[in-house]
Amino acid sequence: MKSADELRSLLHSVDGKGYKAYKDIRGCYRFDSFTLCIDHVQGDPFASPSRLHVEVAPEAAAFPEWTYKSRSREIAARDYLTRRFDAAARRIAAGNRGTGKGGLIEIDRPGQEVLERTSAFLSSRGVEIRFFCGLPAFGRRIAGRHAVEMLLEEVPAIVAEAGFFSALDRDALREHVETAEDADTLRSSLEQRGLVAFVADGSVLPRRSGIDQRPMKADAAVPFESPQSLRVEFELPNRGRVSGLGVRSGVTLIVGGGYHGKSTLLAAIERGVYNHIPKDGRELVVSDPSTFTIRAEDGRRIEKTSITPFISGLPGGRDTDTFESEDASGSTSQAANIIEALEVGAKTLLIDEDTSATNFMIRDHRMQELIHDTDEPITPFIDKVRQIHEELGVSTILVLGGSGDYFDVADCVIAMREYRPEEVTDEARRVASKLQTERLTEGGDAFGSIVPRSPAPESIDPRKGKRDVKLKAQGVNSLGFGAHMVDLSAVSQLVDPSQTRAVAHAMVYVGRAADGRRSLSELVAEVETVMEENGLDGLTGTPHADLAAFRGLELAAALNRLRTLRVKQRK
Ligand code: ADP
Ligand code: MG
């Protein structure tokens, strides 16, 4: 292996040459306490920055086993290293050298969630950190001396702060891994306790703003306090005993006046499928890992989905067993979103009235009198929610301030008053028996069937122009897949652009694994298995530096929103 000094001379020798000469620096170099590898060199100063990684040998990194001994700890420790590298890079990298992205030293930046990422790895085999550098130039001429400063001074200084146990704040690292381990323990204990979600007492649920996921400032936020009747306790490996609200399986309503914190509670539960960093406020808010948020999404495409459980007898005899639409309505999109989630194994559904189609949620008695059942294609959710629980074992948590008709179908009713939950199930029952709605039940004898669908491989096509694979994530919500854009803005449990990028790679994988017979749920399960066994590198085959783990539910959601997707329904 070449030495750091050789890299220095190489950089001096290409100084002033055309940008392409940077290709000569590819390869690995031995530094005092780590190895630096330049894996991919950008084509010009404006292109995506170059990709590098460092490896620190286990004896040098010297991480004790407690930092990575369980999967929870390992992922959290890797997340911690990424954050330390990010903080050091912001402080140390001089940035802005010459043209384009020259001078940039950057690592994938995590948010409030602790996700498995390809930015950092930690095990008994040592540390690997992957990051990006904008190799500096003036115009198209290599700025060799600036490159020397970046790669031989700044990068080692950053690595010194992030790649060695001795350089880290060990209490902070311990808190990071223990918090993640506690959350994972909680989440995996929910089912045996008959729960679908848990919100610890003292949690801070509200966020700083609609575009800022950090917690609301402590002086403004009312900490969460569970009602006595729904309080449960858990014994956690690190924090010990914790108490909080246990949301049981079944149908749970969250009611209350406007602005009393209903949606905030539901949003915290929605994010409870992920672990959070210490001091997020939601570290001990967890939900069933297959929890999926359902909303109306008019305009989306639907590919051959049986939405008959919710919608049948459309005008003009339009088929609902193999329903297709390029521009679905609020109610048909919400129905399809539920059916598609059930198809790939969602066991808990979250629905907020704020983002639902009213005619999908409820049809009251007066409307039933005026518009007869036979003239209304929609079977409202209220008439299906119990079947979903009893026949399919799928729970629902609903935020509803506007319709008491749901009292008849709820197992538990929680009222939010000034951000404090109270259980009002008995009162709701009393109200329901005093004021009978007399609405007719329209749900029929059974929920109906979920028909598996098999994607056609050629319909998942990542090609664009001369490129075999062209993927481009734009933020979290938008994805260029081949020649097409996929709108993911309604897939609210995608929370990080690196997840969106990873989902794009997984779509490529599914396109290759599909054979016209294997079902979407089988294909998605295979992706989950590959990720579990071989990580995200196993999915892409080549190392990437900016991918984060996602769930099969989000992958399926992305495929279902790909406008070229074609499926065959299995009978
Ligand atoms: P709802 O859905 O009941 O109308 P929201 O959940 O949207 O209410 O909350 C309304 C406002 O109150 C939001 O701005 C939210 O940030 C804030 N909020 C929610 N929970 C709390 C809390 N525990 N402490 C302080 N503010 C909160
Ligand atoms: Mg609301």
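Residues numbered from 1 in each chain as written. Chains lettered and ligands numbered in written order. Predicted model: local features only at pLDDT ≥ 70, side-chain atom pairs only at ≥ 80, totals over all residues. Heavy atoms only, no water.

**Some words on unusual backbone geometry**
In step 1: One non-glycine residue, tyrosine 259, lies in positive phi territory at about 70°.
In step 2: Along the chain, the position of tyrosine 259 falls in the loop between strand E16 (251–256) and helix H6 (262–271).
In step 3: A relative accessible area of 77% means that tyrosine 259 is categorised as exposed.
In step 4: Not every positive phi belongs to a glycine, and lysine 279 is a case in point at roughly 75°.
In step 5: For lysine 279, the position within the fold is in the loop between strand E17 (275–276) and strand E18 (285–287).
In step 6: Note on lysine 279: relative accessible area 62%, which makes it exposed. (Helix = DSSP H or I, 4+ residues; strand = E, 2+ residues; numbered from the N terminus. Buried < 20%, exposed > 50% of the residue type's maximum accessible area, 1.4 Å probe, protein only.)

**Focus: the pairing of strand E23 (residues 395–399)**
In step 1: With 5 of its 5 residues buried, E23 lies for the most part within the structure.
In step 2: Burial of the side chains of E23 extends over both faces: Ser395, Ile397 and Val399 are buried on one face and Thr396 and Leu398 on the other.
In step 3: Bridge count between strand E22 (residues 348–352) and E23: 5 bridges; the pairing is parallel. By the bridge assignment, leucine 349 is partnered in E23 with threonine 396. (Pairing = 2+ DSSP bridges.)

**So, the sheet that holds strand E25 (residues 420–423)**
In step 1: Taken together, 6 strands build an open sheet; the order of strands is E19-E22-E23-E16-E24-E25 and the sheet is mixed. One side of each edge strand has no neighbouring strand; the edge strands of this open sheet are strand E19 (291–294) and E25. Going across the sheet, the axis of each strand differs from the next one's by a mean of 20°, ignoring polarity. (Axes fitted to C-alpha atoms, helices over the stretch in contact; angles between N-to-C directions.)

**Thoughts on the nonpolar core**
In step 1: In this structure, Phe310, Phe381, Met507, Phe550 and Leu555 are the most contacted members of the largest nonpolar core, which totals 78 residues.
In step 2: In contact with leucine 555, not counting residues within four places along its chain, are Val503, Ala506, Met507, Val510, Val524, Val527 and Phe550.
In step 3: Core analysis: the second largest hydrophobic core is formed by 58 residues, Leu11, Tyr80, Phe85 and Ile107 among them. (Core = buried A, V, L, I, M, F, W, Y, C linked by side-chain atoms within 4.5 Å. Contact = heavy atoms within 4.5 Å.)

**Considering the side chain of glutamate 283**
In step 1: Along the chain, glutamate 283 falls in the loop between E17 and E18.
In step 2: Of note is the side chain of glutamate 283, whose polar atom sits 2.7 Å from the backbone nitrogen of lysine 279.
In step 3: When neighbours within four sequence positions are excluded, glutamate 283 is seen to be in contact with Thr179, Ala183, His276, Ile277 and Pro278. (Polar contact = N/O pair within 3.5 Å; in protein donor to acceptor, adjacent residues only side chain to side chain.)

**Observations regarding the packing of helix H3 (residues 71–92) against helix H4 (residues 144–162)**
In step 1: Two numbers describe how H3 lies on H4: the axes approach to 8 Å, and their chain directions differ by 145°. Here H3 runs over H4; the crossing is right-handed. Mapping the contact onto sequence places Leu81, Arg84, Phe85, Ala88, Ala89, Arg91 and Ile92 in H3 and Glu154, Ala157, Ile158, Val159, Glu161 and Ala162 in H4.
In step 2: Among the residues making up the contact of H3 with H4, the classes are represented as 9 nonpolar, no polar and 4 charged. (Left-handed = near helix turned anticlockwise from the far one by under 90°. Nonpolar A, V, L, I, M, F, W, Y, C, P; charged D, E, K, R; others polar.)

**A look at the site of ligand 1**
In step 1: With respect to spatial proximity, 14 residues lie near ligand 1, and among them Val222, Tyr259, Lys262, Ser263 and Thr264 are the closest.
In step 2: A distance of 3.1 Å separates an oxygen atom of ligand 1 from a polar atom in the backbone of glycine 261.
In step 3: Relative to its unbound accessible area of 570 Å², ligand 1 is 81% covered by the protein chains.
In step 4: Its residues assigned to classes, the shell around ligand 1 comprises 7 nonpolar, 6 polar and 1 charged. (Near = heavy atom within 4 Å. Areas by Shrake-Rupley, 256 points an atom, 1.4 Å probe, with all protein chains shown as cover.)

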